[in-house]
Amino acid sequence: MTQAERMTTPIGARGPRRPFEPGSRMWEEVGLVTFSLTAGTAFLLQTMEPTIAAVVDEHSTFRTDPVGRALRSIASVQMWVYGGTEALAEADRLREMHASLNTTDAEGTRHTALSAGPWAWVLLTGAYAFLEGARYFARRPLTEREKEDYYAETVQLLRNFSVSPKHIPATYAEFLRYFDEMVRNQLRPSVVARDYLNGVRNIGPPLGLPRALRPLWRMVTAPVGRLQYFVTVGTTPEPARRALGLRWSEADERRLRLIGRLVAYTVPLLPERLRYFPIAYRARRVEHARRKLRKTIDARPI
C-alpha cells in the first residue's frame with residue numbers, strides 16, 4: 001500500500017506515529033498561503049476553551065509579539081507536514097515546551113496545557129479551519145469522501161502529537177458530532193478571545209520596529225487586518241459568534257463568498273514559490289528533484 005493510500009484509508013484512533021509524505025491532501029494544501037486565512041479561526045476557537053484560554057492568557061506572546069507568534073506558529077505547522085522525520089521531533093518539542101505551562105484561574109481552577117482534551121482541541125480546530133478554508137477558498141467544494149480522507153490524515157496528526165486515543169474522534173462523522181458539542185456546550189467567551197480578535201483587526205508592530213515607523217506600519221497593515229478579521233469572524237461557527245457578540249449578516253456572507261472566489265481563481269495562477277510558505281515550497285522542490293533523479297536512474301542504460 002502506498003503512502004497516499006495509507007493516509008486516506010479509514011483509521012481508528014490507535015496506531016503508530018508516522019510522518020507525512022507526498023501524496024496526502026495535507027502535503028498538497030496545508031503549505032498554501034491561503035491556509036493563513038482561516039488559521040486565525042482555529043486560534044479563536046482555542047481561546048474559547050477554558051483551559052487553553054487560561055494558559056494562553058498567562059503564557060502566550062500574542063499580545064506583545066503578534067507578528068513573531070504568528071510566524072512561529074505557521075513555521076511549526078509547516079514542520080508538522082513537510083518536516084519528514086523532523087515532524088515527529090517538532091511534535092515532541094511542542095509537547096515538552098507545553099509540559100510546564102500551567103496556571104490557576106480566578107476561581108481557583110488549575111489548568112495545564114497538556115490536559116488531554118484541550119491538547120486534542122488545538123489540533124481539531126485546525127481540521128475545522130482547513131475544511132472552512134476549502135469551503136470558501138477552493139475552486140470546488142470537497143466531496144464527502146474527500147472530507148473523510150482529510151480527517152483520516154488529521155487522526156494521524158493527532159497520533160503524531162501523542163494525543164490520547166480516547167480524545168480522538170475516530171471518524172469524520174464522529175468529529176462533526178464532537179466539534180458541534182464542543183462549540184455549543186463547552187466553549188466560553190473570554191477576554192483572551194476578544195483581545196485576540198482586536199489584535200487580528202489591529203496588527204501590532206513587530207518587536208524592535210522603531211517608533212517612527214509605527215504609523216507607516218499601521219497604514220500598511222490596516223487593510224490586511226480588516227480582511228483577516230472579516231474572514232475570521234465569517235468562518236467562526238455561528239454559536240461561537242453569538243457567544244462573543246459578533247454580528248454576521250447575509251450581505252457579509254455574500255461578500256465573503258465573493259472574496260473566496262477571487263482567491264480561489266487568483267492564487268493558483270501565482271508561481272509555486274509565492275503560492276506556498278517557504279518550508280512547504282522547499283520540501284516540494286526537494287521532492288520534485290527526487291522524482292527527476294528517480295526517473296533518470298530508471299532510464300539509465302544497463
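We now turn to the structure provided with this report. Residue numbers run consecutively from 1 along every chain, following the written order of its sequence. In keeping with the model being predicted, local features are shown solely for residues with a pLDDT of at least 70 and side-chain atom pairs are shown and tallied solely at 80 or more, while totals for entire chains, interfaces and linings include all residues. Side-chain calculation: all heavy atoms of the structure are included, whereas hydrogens and water are not.

This brings us to the packing of aromatic side chains. Given two aromatic rings, their pairing is described by the distance between the two centres and the angle made by the two planes. The criterion for an aromatic pair is that two Phe, Tyr or Trp rings (for Trp, the six-membered ring) have centres within 6.5 Å, with stacked assigned to planes under 30 degrees apart, edge-to-face to planes over 60 apart and tilted to the rest. Under the defined criterion, the tally for this structure stands at 15 aromatic pairs. Taking 4.9 Å as the distance between ring centres and 50° as the angle between the ring planes, the aromatic pair formed by W27 and Y82 counts as tilted. Residue W27 is found in helix α2 (residues 25–29), and its partner Y82 is found in helix α5 (residues 66–82); the two are separated by 55 residues along the sequence. Classification of residues uses two cut-offs on accessible area relative to the type maximum, computed with a 1.4 Å probe and protein chains only: under 20% is buried, over 50% is exposed, and between them is partly exposed. On the accessibility criterion, W27 (7% relative accessible area) is buried. Taking relative accessible area as the criterion, Y82 reaches 7% and is therefore assigned buried. Ring centres 4.7 Å apart and planes at 65° place the aromatic pair F43 and Y196 in the edge-to-face group. Of this pair, F43 sits in helix α3 (residues 35–46) while Y196 is found in helix α10 (residues 191–201), placing the two residues 153 residues apart along the sequence. You can call F43 buried: its relative accessible area is 11%. One aromatic cluster in this structure is built from W121, Y128, Y151, Y172, F175, Y178 and F179. Only lysine NZ and arginine CZ atoms are considered, and such an atom sits over a ring when it is within 6 Å of the ring centre and within 35 degrees of the ring normal. Here R69 stacks its cationic end above the ring of F43, 4.3 Å away from the centre of that ring. The ring of Y229 has R201 sitting right over it, with the charged end atom 4.1 Å from the ring centre. Each helix corresponds to a stretch of at least 4 residues labelled H or I by DSSP, and each strand to a stretch of at least 2 residues labelled E; elements are numbered beginning at the N terminus.

Our next topic: empty space enclosed by the protein. Every definition here rests on a 1 Å grid over the protein atoms only: cavities are sets of points where a 1.4 Å probe fits but cannot get out, pockets are open sets enclosed by protein on both sides within 12 Å along at least five of seven lines, and lining residues have some atom within 4 Å of a point. Grid points are joined across faces, edges and corners, and a volume is the space filled by probe spheres set on the points. Counted under the stated rule, the structure contains one cavity of 30 Å³ or more. Estimates place the volume of the largest cavity at around 30 Å³. Forming the boundary of the largest cavity are W80, A87, L88, A91, L157, N160 and F161. Breaking the lining of the largest cavity down by element, the ones donating at least two residues are α6 (85–99) and α8 (144–160). If you tally residues by element for the lining of the largest cavity, the top one is α6, at three residues. Side-chain classes are defined by residue name, with Ala, Val, Leu, Ile, Met, Phe, Trp, Tyr, Cys and Pro counting as nonpolar, Asp, Glu, Lys and Arg as charged, and the others, Gly among them, as polar. Along the lines of polarity and charge, the residues of the lining of the largest cavity split into six nonpolar, one polar and no charged.

Turning to the nonpolar core, a few remarks are in order. Nonpolar side chains in soluble globular proteins generally cluster together in the buried interior. Throughout, nonpolar core names a set of buried Ala, Val, Leu, Ile, Met, Phe, Trp, Tyr and Cys residues whose side chains join them through atoms within 4.5 Å. Of all hydrophobic cores here, the largest spans 69 residues; its most connected members are W80, W121, F137, F161, V163 and F175. At 12 residues, the largest contribution of residues to this core is made by helix α7 (residues 116–137). Residue contacts are counted whenever heavy atoms from the two residues lie within 4.5 Å of one another. What V163 contacts, discounting residues up to four positions off in sequence, is W119, A120, L123, L158 and I168.

Attention now moves to the pattern of salt bridges. One speaks of a salt bridge when a side-chain nitrogen belonging to Lys or Arg is within 4 Å of a carboxyl oxygen belonging to Asp or Glu. Scanning the model with the defined rule gives 22 salt bridges in all. We note a salt bridge from D65 to R72, for which the minimum N-O separation is 3.3 Å. A residue is classified by how much of its surface remains accessible, and D65, at 9% relative accessible area, is buried. What makes R72 partly exposed here is its relative accessible area of 46%. When salt bridges with common partners are traced through the structure, they connect R25, E29, R140 and E146 into a single cluster.

Okay, the side chain of N160 next. Examined against the element boundaries, N160 turns out to sit in helix α8. Residue contacts for N160: discarding those within four places in its chain leaves R17, R18, P19, F20, L88 and A91.

Moving on, we get to the layout of surface pockets. Its boundaries defined by the atoms lining it, the second largest pocket holds a volume of some 440 Å³. As for the second largest pocket, its lining consists of 20 residues, and the residues nearest its centre are E29, L32, A134, F137 and A138. If one sorts the elements of the lining of the second largest pocket by residue count, α7 sits on top with five residues. Looking at the lining of the second largest pocket residue by residue, the classes come out as 12 nonpolar, three polar and five charged.

Okay, the packing of α3 against α10 next. An axis is simply a line fitted to the C-alpha atoms; with a helix, the fit covers only the stretch in contact. Between two such axes, the angle follows the N-to-C directions and lies from 0 to 180 degrees. Their axes nearest at 9 Å, the elements α3 and α10 cross at an angle of 160°. Considered as vectors, α3 and α10 are oriented roughly antiparallel to each other. Along its contact with α3, which presents G40, F43 and L44, the element α10 presents A193, Y196 and L197. Among the residues making up the contact of α3 with α10, the classes are represented as five nonpolar, one polar and no charged. An angle counts as roughly parallel when it lies under 35 degrees, as roughly antiparallel when it exceeds 145, as roughly perpendicular when it falls between 65 and 115, and as oblique in every other case.

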